[in-house]
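Residues per chain, in single letters:
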Amino acid sequence: MKYQSSNQGKGILLVLLASVMLSMQNVVAKVILREQYLFGHFQVGGWIAPTLGNSLLVLMMRMLLMVPLLAFFVGPRLYPLLWRDLIQLTQVNRLGLLGRIVGSGIFLFLSQCFMYVALGNIPAGIAITMFFTYPTVTLLLTWLLFGERPNWSTGLGMIVLYCGCFLSIPAPESLKTANLLLGVGTAVTAGIAFSVNVVLTQTCSQRFNFHPVPFSLANILTTLLLSISSVVTFNYIPIIVKLFPIAKFTVAPGMWISLWISVLILALVTVAGYLLNNYGILLIGASFSSTIGSTGPIFTSTLAWFFLGEILRIHQVIGMLIVSISVALISFQRINVQTQ
């Protein structure tokens, strides 16, 4: 009993640290896309503007660094049969699974692109709070697709969560600016895309019993291929460049070194978050870890305040807390349903 309790404590600590790391990646991404004052004194960041094209570029650079780390260093240590499982995806009887993994990667790619745009235009804490509407969309999708109808308490939690999101939105007079509208809209869209990714991930895990390590690698490989093809298409095919100028990246010649260093930090923080979360899940389970993960908006806001001096109004803080608590309660409710 003492050993089990010790493992649970370690698992909770690991998942909390994972949430901190994954929140830190939001702060790093914000620094890349918008000039900031570190600790209120040191001017850093703003290497590129928070446009769609630049978001695609950052995503591609990040994936170029993450894929080798996971494929050759981290992944095989976590799961020695990593490459065997990936090769088996090419078999005819695994094509259905492969299609779901590719679909999941597509929506992960879309979610990441929209999230970078959001982080560059609104405070990091608000962006992540809006993003955390994704559990409610996931519940609705699982109801429509799998018949898992939410009960009345879960429905109430969803309503409270959306009230928290409404409180988190900047003051009405601020919404006259296009950047805030763009930021809020892209953060919510990122959450919707991520919810589809979650549903597809669930089907791969439950229906096909596919291990999370090869799934994660296949997922980010898909994201890498999509980001590379998008950057090439929107920047080097003349007719596409003319039709979609907003999707073209723009980097000043003297900014490349700073940009690569920042993206390297972003990739390392993200991999650390994934590792800590995976080890934590082994000890306490996915459902419990997802509940702890609802601390994301709180950690993101705290880190953005500590490093960047971002200050939220009281109604935004209350809204952020409501969202975090609502997500936790919805997750607990799902745990109770699954264990009955």
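It should be noted that the structure appears before, not after, this text.
Cut-offs used in this document
Residues numbered from 1 in each chain as written. Predicted model: local features only at pLDDT ≥ 70, side-chain atom pairs only at ≥ 80, totals over all residues. Heavy atoms only, no water. Helix = DSSP H or I, 4+ residues; strand = E, 2+ residues; numbered from the N terminus. Buried < 20%, exposed > 50% of the residue type's maximum accessible area, 1.4 Å probe, protein only. Contact = heavy atoms within 4.5 Å. Areas by Shrake-Rupley, 256 points an atom, 1.4 Å probe, with all protein chains shown as cover. Pairing = 2+ DSSP bridges. Patch = residues over 30% accessible without salt bridge, like charges linked within 9 Å, V, L, I, M, F, W, Y side chains within 5 Å. Salt bridge = Lys/Arg side-chain N within 4 Å of Asp/Glu carboxyl O. Expected span 1.5 Å × (residues − 1). Bend = angle between axes of the 7 residues up to and from the residue. Phe/Tyr/Trp six-rings, centres within 6.5 Å; stacked < 30°, edge-to-face > 60°. Core = buried A, V, L, I, M, F, W, Y, C linked by side-chain atoms within 4.5 Å. Axes fitted to C-alpha atoms, helices over the stretch in contact; angles between N-to-C directions. Parallel < 35°, antiparallel > 145°, perpendicular 65-115°, else oblique. Left-handed = near helix turned anticlockwise from the far one by under 90°. Nonpolar A, V, L, I, M, F, W, Y, C, P; charged D, E, K, R; others polar. Lys, Arg positive; Asp, Glu negative; His and termini not counted.

## With respect to the overall build of the protein chain
- When you go through the protein chain residue by residue, the secondary structure sums to 14 helices and 2 strands.
- With 340 residues in all, the protein chain has 47% of them scored as buried.
- Counting contacts in the protein chain only where the partners sit at least 6 residues apart, residues at least 24 apart contribute 81% of the total.
- Carbon together with sulfur atoms contributes 72% to the accessible area of the protein chain, which is approximately 16,800 Å² in total.

## Here we look at the pairing of strand β1 (residues 35–38)
- Pairing of β1 with strand β2 (residues 42–45) involves 4 bridges; the strand directions are antiparallel. Bridging from a neighbouring strand, Leu 38 pairs with Phe 42 of β2.
- Here β1 folds back onto β2 in antiparallel fashion, the turn holding 3 residues, of which Phe 39 has a positive phi close to 55°.

## Thoughts on a nonpolar patch on the surface
- A cluster of nonpolar side chains, Phe 39, Phe 42, Trp 305, Phe 306 and Ile 311, forms an exposed patch at the surface whose accessible area comes to about 620 Å².
- In this structure, Phe 306 sits in helix α13 (residues 296–308).
- Residue classification places Phe 306 among the partly exposed positions, given a relative accessible area of 46%.

## A look at helix α2 (residues 52–78)
- For α2, which comprises 27 residues, the first-to-last C-alpha distance of 34 Å sits more than 12% below the rise-based estimate of 39 Å (1.5 Å per residue).
- In α2, a bend of some 50° at Leu 70 exceeds every other bend along the element.

## Quick word on the packing of aromatic side chains
- Counted by the stated rule, this structure contains 5 aromatic pairs.
- Taking the centre distance of 5.9 Å and the plane angle of 25° together, the rings of Phe 72 and Trp 83 count as stacked. Taken as a pair, Phe 72 in helix α2 and Trp 83 in helix α3 (residues 82–88) lie far apart in primary sequence, 11 residues in all.
- Classification of Trp 83 as partly exposed rests on a relative accessible area of 38%.
- Ring centres of Phe 306 and Phe 307 lie 5.0 Å apart, and the angle between their planes is 85°; on these two criteria the pair is classed as edge-to-face.

## Quick notes on the nonpolar core
- Ile 32, Val 58, Ile 101, Met 115, Tyr 116 and Leu 259 are the most contacted members of the largest nonpolar core, which has 73 residues in total.
- Counting residues per element, this core draws most heavily on α2, which supplies 12 residues.
- Not counting residues within four places of it along the chain, the set of residues in contact with Ile 101 comprises Leu 89, Cys 204, Phe 210, Phe 215, Ala 218, Asn 219 and Thr 222.

## What to know about the side chain of Thr 222
- Looking at the element boundaries, Thr 222 is found in helix α9 (residues 212–236).
- We classify Thr 222 as buried; its relative accessible area is 12%.

## Considerations on the packing of helix α4 (residues 95–119) against α9
- The geometry of α4 relative to α9 is characterised by a closest axis approach of 8 Å and an angle of 55° between their N-to-C directions. Put simply, α4 runs oblique to α9. You can see that α4 and α9 cross each other, and the crossing is right-handed. From α4, Ile 101, Val 102, Ser 104, Gly 105, Ile 106, Leu 108 and Phe 109 reach across to α9, where they touch Phe 215, Ala 218, Asn 219, Thr 222, Thr 223, Leu 226, Ser 227 and Ser 230.
- Partitioned by chemical class, the residues of the contact of α4 with α9 number 8 nonpolar, 7 polar and no charged.

## Here's the deal with the packing of α2 against α9
- Viewed as axis vectors pointing N to C, α2 and α9 meet at an angle of 155°, and their least axial separation amounts to 9 Å. Between α2 and α9, the crossing angle belongs to the class labelled roughly antiparallel. Between α2 and α9 lies a crossing of left-handed hand. On the side of α2, the interface is formed by Leu 56, Leu 57, Leu 59, Met 60, Met 63, Leu 64, Met 66, Val 67, Leu 70, Ala 71, Gly 75 and Leu 78, while α9 contributes Val 213, Leu 217, Ile 220, Leu 221, Thr 223, Leu 224, Ser 227, Ile 228, Ser 230, Val 231 and Phe 234.
- Class assignment for the residues of the contact of α2 with α9 results in 19 nonpolar, 4 polar and no charged.

## Side note on the environment of Gly 9
- Looking at where Gly 9 falls in the secondary structure, it is placed in helix α1 (residues 2–33).
- Of the residues examined, Gly 9 reaches a relative accessible area of 39% and is grouped as partly exposed.

## Digging into the side chain of Arg 94
- Among the structural elements, Arg 94 can be located in the loop between α3 and α4.
- Buried charge without a partner: Arg 94 forms no salt bridge, and the closest opposite charge is Asp 85, 6.3 Å away.
- Other than its neighbours up to four places away in sequence, Arg 94 contacts Gln 88, Leu 89, Phe 208 and Phe 210.

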